[in-house]
Amino acid sequence: MSEIKKSATALAEEEILKLWAKEKTFEKSLANRKGKPYFSFYDGPPFANGLPHFGHSLVTGIKDSMLRYKTMRGYYVPRRNGWDCHGLPVEYDVEKQFGVSGKKQILELGLEKFNGACRDSIFRYKADWEAFLERFGRWSDYDNYYATVDTNYTESVWWILAEIYKKGLLYKSFKSLPYCPRCATPLSNFELNEGYRDNVPDPSVFVTFPLKDDPKTKLLAWTTTPWTLPANAALGIDAKADYAYVKLKEDGSTLILAKARLDVLDLRKSQYQLLKTVKGKDLIGLRYQPLYDINKQQFSKEQLDNAWQVLAEDSVSLEDGTGILHSAPRYGEADLNMGLEHNLPLIESVNSSGHLVWGPKEALGQFFKSADQHIIADLTKQGRIFAAETAQHTYPFCWRCETPLMYFATDTWFIEVTKVKDQMIKTAQEINWTPANIKKGRFGMWLEGARDWAVSRNRYWGAPMPIWVNTEDEKDFMVVGSIAELEKLAGHPVGDDLHRPFIDKVVIKKGAKTYKRVEEVLDCWFESGSMPVAQWHYPFENKAIFDQTFPADFITEAIDQTRLWFYVQHVISTILFNRPAYRQVIVSGFMMAADGQKLSKRLRNYPPVQEVFNDEGADALRLYLLSRPQGTQTADYMRFDRSAMTDIRRNVLDTLNNSFKFFETYAGVDGWQATKIELPDPDNLLDKWLLARLEQTTSLATASADNYKIAHGILPVFELVNDLSNWYIRRSRRRFWKSQNDQDKDQAYATLHYSLVKISQLLAPWAPFISDQLWRELTKSTKAEESVHLSDWPSVNKLDNASLKLLEDMKTVRELVINEGLSQRAAKGIKVRQPLASAKVSLEVENKAGFDQIIAEELNVKEISWVKSIKTVQVDTKITPELKSEGIMRELVRNIQNARKNAGLNVDDRIKLALKSDSKVIQAAIKRFRDTIFAETLTTSELSGEAGYSETVRIEAQEVKISLSKV
Ligand SMILES: [Zn+2]
């Protein structure tokens with residue numbers, strides 16, 4: 001076994017995980033909030049029969065972070081995760097496992113065996129999932145999960161369906177639905193939505209229908225589903241549109257088609273003459289010759305009389321085709337409506353497993369997609385094809401097994417969502433969305449177009465529909481709402497396992513009547529949408545918890561769930577309680593691979609998440625994902641950009657760590673220790689400024705996080721970390737270096753310490769590892785909580801006017817004076833380390849004396865004079881021999897400091913030093929500034945004799961040999 005290489009960051013994170021487990025930090029974070037306001041969160045259940053992949057990281061990060069944040073804000077936030085266990089994905093895997101496919105083979109195998117295997121498979125990857133979630137830092141009560149497979153869960157689902165039935169919103173109907181012939185089940189419109197593919201090649205066929213009384217005149221219809229042609233029962237036209245009679249030169253026949261679609265005749269380069277134009281309504285009632293025979297025994301006389309005529313139809317398009325719709329009532333929504341309205345024969349050309357059962361001999365028994373070519377060939381022979389070509393279409397496929405779907409009319413149970421649409425739109429007003437436009441847009445529009453929900457599935461592994469039907473009269477049925485009710489009706493216990501085939505054996509006798517269960521199971525989305533209720537086995541128990549947790553204060557999933565899990569919850573809770581199921585949603589963006597493609601296991605176009613954990617670490621991944629507005633605030637596509645993650649690790653996490661190391665090192669040298677965490681009251685301008693920046697950042701970050709805008713809760717902290725390191729510490733370094741301990745130094749320590757503590761809190765929800773590591777180090781000599789995750793979020797205080805002015809002044813000084821001054825130096829090619837005599841500054845700031853020193857140091861000038869005559873700053877760039885000499889001294893000091901580091905010395909080690917150069921100018925500088933050089937490099941005396949370490953450097957193009965020894 002090869003050893004997994006882990007970075008120091010990864011190892012440190014794993015140490016923190018161990019500490020959390022040992023100290024029971026999560027449990028404590030709950031216990032110490034008990035009695036505080038309850039913050040309710042619903043976990044959207046993932047399927048546990050597939051491995052977690054990288055795409056799950058974003059939404060997992062949002063869940064964990066937001067809940068940590070709310071905990072720090074003082075809420076009581078219990079968390080349990082859930083598992084989605086039923087449905088086609090599980091069945092599909094088990095079919096593959098047994099090497100079977102389709103209804104017949106499953107029934108031959110036996111449902112007990114089949115469903116037993118489904119049950120065995122559902123938690124196959126649970127341990128891997130939990131390992132992923134835990135390593136990512138997701139806190140949850142993993143033992144106390146809910147699972148849609150549990151009997152209690154199913155009983156609540158039954159109760160919900162029975163309630164819906166009691167409200168008169170459950171019905172059975174023969175409807176044309178998106179249907180997977182391989183899975184042999186209808187799908188809901190939102191499942192359909194999941195499986196569209198672009199640019200699918202499909203036949204595009206123009207078929208002629210000669211009029212019965214005048215065979216030389218033909219109606220021209222168009223279809224992309226030739227397999228439905230043997231089921232043709234009528235043609236539809238737009239009654240208000242213009243239709244043309246055109247005479248073809250090639251054979252003297254006459255075609256009828258919409259005037260707006262005449263250019264389809266170019267397909268055959270046909271030359272034609274326009275004979276006349278009529279209104280669509282004038283065509284109604286025309287009779288035509290059918291394509292194929294019909295099995296007359298199957299249909300009533302009236303149906304046979306109604307068949308094969310032209311009818312008015314609203315859904316006829318004038319955008320494509322010929323303006324004449326071929327109608328096969330069993331295979332399309334509009335077709336079926338036409339068929340039922342005009343009592344047409346519902347001819348079956350393709351059966352429920354997708355095979356051709358009516359039509360030309362060569363095509364019989366073929367899968368519907370393969371039957372197309374045979375039907376086209378046969379009709380060509382009959383002279384009924386005007387043109388046949390291949391067109392690119394958007395076509396739906398089964399979201400689970402990728403079989404092309406068809407529309408198929410079957411008996412299906414529906415929830416009458418259209419009847420509660422207005423109510424759903426009303427209850428949706430109470431929901432807040434991030435991003436806000438989802439409310440009226442993606443979600444609101446979906447509600448506006450709500451359809452009745454097909455909830456029955458002709459499948460096996462799912463919650464069985466609790467409907468028992470009179471074997472003599474299918475209109476007489478009962479919907480059972482609990483196990484107790486069923487046992488009472490059946491007169492015996494029904495056992496613990498409610499799955500098929502056991503439940504199918506439960507028969508209800510009522511006098512002479514016998515009731516048997518319908519065969520269908522429930523759509524697994526009905527189950528996940530029942531989660532707010534069913535996770536608690538409500539209303540059979542846990543009434544108080546349900547009341548406390550419903551509706552959820554917060555949920556989050558990726559944008560595709562807007563029309564799936566978010567939607568189904570909303571439907572169910574509106575029907576049951578006339579309330580939304582949740583108050584606040586963060587709709588996360590969609591993770592794509594770096595190349596812009598979908599994340600694909602096969603293409604390996606993303607790093608394994610474990611590799612990222614072991615290298616950059618979970619904090620870097622979380623901060624990267626969460627700080628992108630397109631991932632957490634605008635629900636956009638987001639490409640995984642590993643270099644951006646590396647940048648965050650370097651620019652934020654490493655910078656913060658180095659700032660801490662700086663503090664730790666010097667505080668260690670000086671023996672400085674914090675005994676409490678208290679806002680310091682320093683005198684130094686830089687200290688005051690840092691504390692004001694901290695206050696400003698806290699206020700910005702808090703407001704954003706409170707508004708569920710995570711990226712903007714994090715980005716200000718990134719800026720603060722940068723300011724802390726690249727401005728505050730850089731400008732304050734000398735205050736920590738100086739050898740005497742005084743009040744100024746003490747205040748600098750207190751300010752830096754306090755700021756680091758608060759920064760660890762501001763980062764805690766988003767980067768829970770490094771923040772806790774820092775917190776523990778920084779607070780170990782205080783009485784603070786043992787983990788940052790047990791602490792309270794920093795309080796937000798309004799900045800006083802003096803602080804506001806200071807922030808503004810510092811910004812101006814940095815952006816105008818210093819940037820400009822430095823570029824004046826750069827323009828003359830003068831290094832920053834070369835001291836200059838003076839600079840003039842023109843600016844209105846509150847505290848000139850304080851800024852004086854900052855500007856002088858930063859521009860490396862000896863003197864600042866405040867004037868009014870210039871723009872902002874004017875640096876005197878003249879270098880006198882004295883200044884030149886001092887510049888050389890600065891170079892020497894810097895090189896000696898480097899040499900100390902290279903020699904492996906500690907910052908407080910004292911040394912002996914020798915400097916040798918042939919250059920007169922450098923010798924002069926050494927002689928002149930000997931005391932300064934010694935003081936700044938902690939040199940106690942001249943080194944004579946053997947050096948412990950030496951190196952040669954170049955200063956002003958001259959060699960200097962530095963030799964030193966530790967004292
Ligand atoms: Zn399928």
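Predicted model, so just to flag it, every value in this text is computed and none were measured.

(A) How the structure looks around the overall build of the chain. Scanning the chain from N- to C-terminus turns up 33 helices and 33 strands. On C-alpha atoms alone, the chain measures out to a radius of gyration of 39 Å, which is more than a quarter above the 30 Å that the 2.2 N^0.38 rule sets for 967 residues. Dimensions along the principal axes, computed over C-alpha positions, put the chain at roughly 120 × 80 × 60 Å. Put simply, 77% of the contacts in the chain that link residues at least 6 apart link residues at least 24 apart. Accessible area for the chain stands at about 42,600 Å²; split by element, carbon and sulfur atoms hold 48% of it. In the chain, 129 positive and 128 negative side-chain charges are present, and the distance between their average locations comes to 3 Å.

(B) Region of interest: unusual backbone geometry. Cis peptide bonds are those with omega within 30 degrees of zero, and the linkage from Arg-500 to Pro-501 qualifies with 0 degrees. With respect to the secondary-structure elements, Pro-501 resides in the loop between helix H16 (483-490) and strand E20 (508-510). Cis rather than trans, the peptide bond between Tyr-538 and Pro-539 has omega equal to 0 degrees. One non-glycine residue, Asn-199, lies in positive phi territory at about 55 degrees. Tracing the chain through its elements places Asn-199 in strand E5 (residues 196-210). One non-glycine residue, Asn-542, lies in the positive phi region at around 55 degrees.

(C) Local environment of the pattern of salt bridges. Summed over the entire model, instances satisfying the criterion amount to 60 salt bridges. Put simply, Glu-936 and Arg-734 hold a salt bridge, and the shortest N to O gap is 3.7 Å. In this pair, Glu-936 sits in helix H33 (residues 930-936) while Arg-734 sits in helix H26 (residues 711-737), placing the two residues 202 residues apart along the sequence. Each of Glu-611, Asp-615, Glu-616, Arg-642 and Arg-649 takes part in salt bridges that share partners, so that together they form one network.

(D) Here's a closer look at empty space enclosed by the protein. Counted according to the given criterion, the structure contains 4 cavities of 30 Å³ or more. For the largest cavity, the calculated volume is near 80 Å³. Together, Gly-87, Leu-88, Glu-91, Glu-191, Arg-457, Arg-459, Trp-461, Gly-462, Val-521, Leu-522, Asp-523 and Cys-524 line the largest cavity. Residue assignment for the lining of the largest cavity shows that the elements contributing at least two residues are helix H4 (88-98) and strand E22 (521-522). Tallied by class, the residues present in the lining of the largest cavity amount to 5 nonpolar, 2 polar and 5 charged. Together, Leu-229, Pro-230, Asn-232, Pro-290, Leu-291, Tyr-292, Asp-293, Trp-308 and Ile-347 line the second largest cavity. In terms of residue class, the lining of the second largest cavity is made up of 7 nonpolar, 1 polar and 1 charged.

(E) Local environment of the sheet that holds strand E32 (residues 949-955). Overall, mixed pairing links the 4 strands, which are arranged E31-E30-E33-E32 in an open sheet. With one partner strand each, in any of the chains shown, strand E31 (939-942) and E32 form the two edges of the open sheet. Mean inter-strand twist for the sheet, computed between neighbouring axes without regard to direction, equals 30 degrees. Pairing geometry for strand E30 (residues 911-917) and strand E33 (residues 958-966), over 7 bridges, is antiparallel. Bridge pairing links Ala-914 to Ser-963 in E33. Contacts from helix H31 (residues 881-902) reach E30, E32 and E33, with the element oriented near 145 degrees to E32. Lying on the sheet, helix H32 (residues 920-928) is in contact with E30, E32 and E33; it crosses E30 at an angle near 150 degrees.

(F) Region of interest: the sheet that holds strand E28 (residues 861-866). With respect to topology, 3 strands assemble into an open sheet ordered E28-E27-E29, the strand pairing being mixed. Edge positions in the open sheet fall to E28 and strand E29 (873-875), since each of these has one partner strand only. Geometrically, the sheet is characterised by an average inter-axis angle of 20 degrees between neighbouring strands, direction not taken into account. As paired strands, strand E27 (residues 836-841) and E29 are joined by 3 bridges and run antiparallel to one another. Paired with Ala-839 across the two strands is Val-875, which belongs to E29. Helix-sheet contacts for helix H30 (residues 848-859) involve E27, E28 and E29, and the interaxial angle to E28 is about 140 degrees.

(G) Fine view of H32. Of the positions making up H32, those classed as buried are Ile-922, Ala-925 and Ile-926. End-on, the buried residues of H32 take up no more than an arc of 100 degrees, which puts them together on one face. More than 90 degrees from the buried face of H32, the exposed residues found are Lys-920 and Lys-927. Structurally, H32 contributes buried residues whose contacts are with H31, E30, H33, E32 and E33. For H32, the N-terminal cap is Ser-919; the gap from its side-chain oxygen to the backbone nitrogen of Val-921 is 3.3 Å.

(H) Looking closely at the layout of surface pockets. Computed from the structure, the second largest pocket encloses a volume of approximately 1,800 Å³. Taken together, 38 residues make up the lining of the second largest pocket; nearest its centre are Arg-733, Arg-734, Trp-737, Gln-897 and Glu-936. Put simply, the parts of the chain that give the lining of the second largest pocket at least two residues each are helix H24 (642-670), H26, H30, E28, H31 and H33. Ranked by residues supplied to the lining of the second largest pocket, first place goes to H31 with 8 residues. Of the residues belonging to the lining of the second largest pocket, the class tally is 14 nonpolar, 5 polar and 19 charged.

(I) Geometry of the environment of Asn-801. Turning to its location among the elements, Asn-801 is positioned in helix H29 (residues 801-827). For the pair Asn-801 and Thr-937, spaced 136 residues apart in sequence, the C-alpha to C-alpha distance is 42 Å.

(J) Fine view of the packing of aromatic side chains. For the structure on display, the rule yields 50 aromatic pairs. Ring centres 4.8 Å apart and planes at 70 degrees place the aromatic pair Trp-227 and Phe-368 in the edge-to-face group. In this pair, Trp-227 sits in the loop between strand E6 (217-223) and strand E7 (234-237) while Phe-368 sits in helix H12 (residues 368-381), placing the two residues 141 residues apart along the sequence. Both residues of the pair, Trp-227 and Phe-368, count as buried. Ring geometry for Phe-550 and Phe-577: centres 4.9 Å apart, planes at 55 degrees, overall tilted. With Phe-550 in the loop between helix H19 (543-549) and strand E23 (555-558) and Phe-577 in helix H20 (residues 565-577), this residue pair connects regions lying 27 residues apart in the sequence. Using a relative accessible area of 6% as the deciding quantity, one classes Phe-550 as buried. Look at Phe-577 and you get partly exposed, because its relative accessible area is 24%. Here the guanidinium or amino end of Arg-68 rests over the ring plane of Trp-20, the centre of that ring lying 4.9 Å away. Sitting above the plane of the Phe-123 ring, Lys-126 keeps its charged end 5.8 Å from the centroid.

(K) Spatial organisation of the side chain of Asp-619. Position of Asp-619 relative to the elements: it lies in helix H22 (residues 618-626). We note that Asp-619 is buried and unpaired, the nearest opposite charge coming from Arg-622 at a distance of 5.1 Å. Apart from residues no more than four positions distant in its own chain, Asp-619 is found in contact with Glu-13, Leu-653, Ala-767, Pro-768, Phe-769 and Ile-770.

(L) Representation of the side chain of Asp-84. Within the fold, Asp-84 resides in the loop between strand E1 (80-83) and H4. For Asp-84, the residues in contact, after removing those within four places along its chain, are Pro-45, Pro-46, Phe-47, Ala-48, Thr-148 and Ser-528.

Conventions used here
- Residues numbered from 1 in each chain as written.
- Predicted model: local features only at pLDDT ≥ 70, side-chain atom pairs only at ≥ 80, totals over all residues.
- Heavy atoms only, no water.
- Helix = DSSP H or I, 4+ residues; strand = E, 2+ residues; numbered from the N terminus.
- Rg over C-alpha atoms; globule rule 2.2 N^0.38 Å.
- Contact = heavy atoms within 4.5 Å.
- Areas by Shrake-Rupley, 256 points an atom, 1.4 Å probe, with all protein chains shown as cover.
- Lys, Arg positive; Asp, Glu negative; His and termini not counted.
- Charge placed at Lys NZ, Arg CZ, Asp CG, Glu CD.
- Salt bridge = Lys/Arg side-chain N within 4 Å of Asp/Glu carboxyl O.
- 1 Å grid on protein atoms, 1.4 Å probe; cavity = no way out; pocket = protein on both sides within 12 Å on 5 of 7 lines; lining within 4 Å.
- Points joined across faces, edges and corners; volume = space filled by probe spheres on them.
- Nonpolar A, V, L, I, M, F, W, Y, C, P; charged D, E, K, R; others polar.
- Pairing = 2+ DSSP bridges.
- Axes fitted to C-alpha atoms, helices over the stretch in contact; angles between N-to-C directions.
- Buried < 20%, exposed > 50% of the residue type's maximum accessible area, 1.4 Å probe, protein only.
- Arc of directions from axis to C-beta.
- Polar contact = N/O pair within 3.5 Å; in protein donor to acceptor, adjacent residues only side chain to side chain.
- Phe/Tyr/Trp six-rings, centres within 6.5 Å; stacked < 30°, edge-to-face > 60°.
- Lys NZ or Arg CZ within 6 Å of the ring centre and 35° of its normal.

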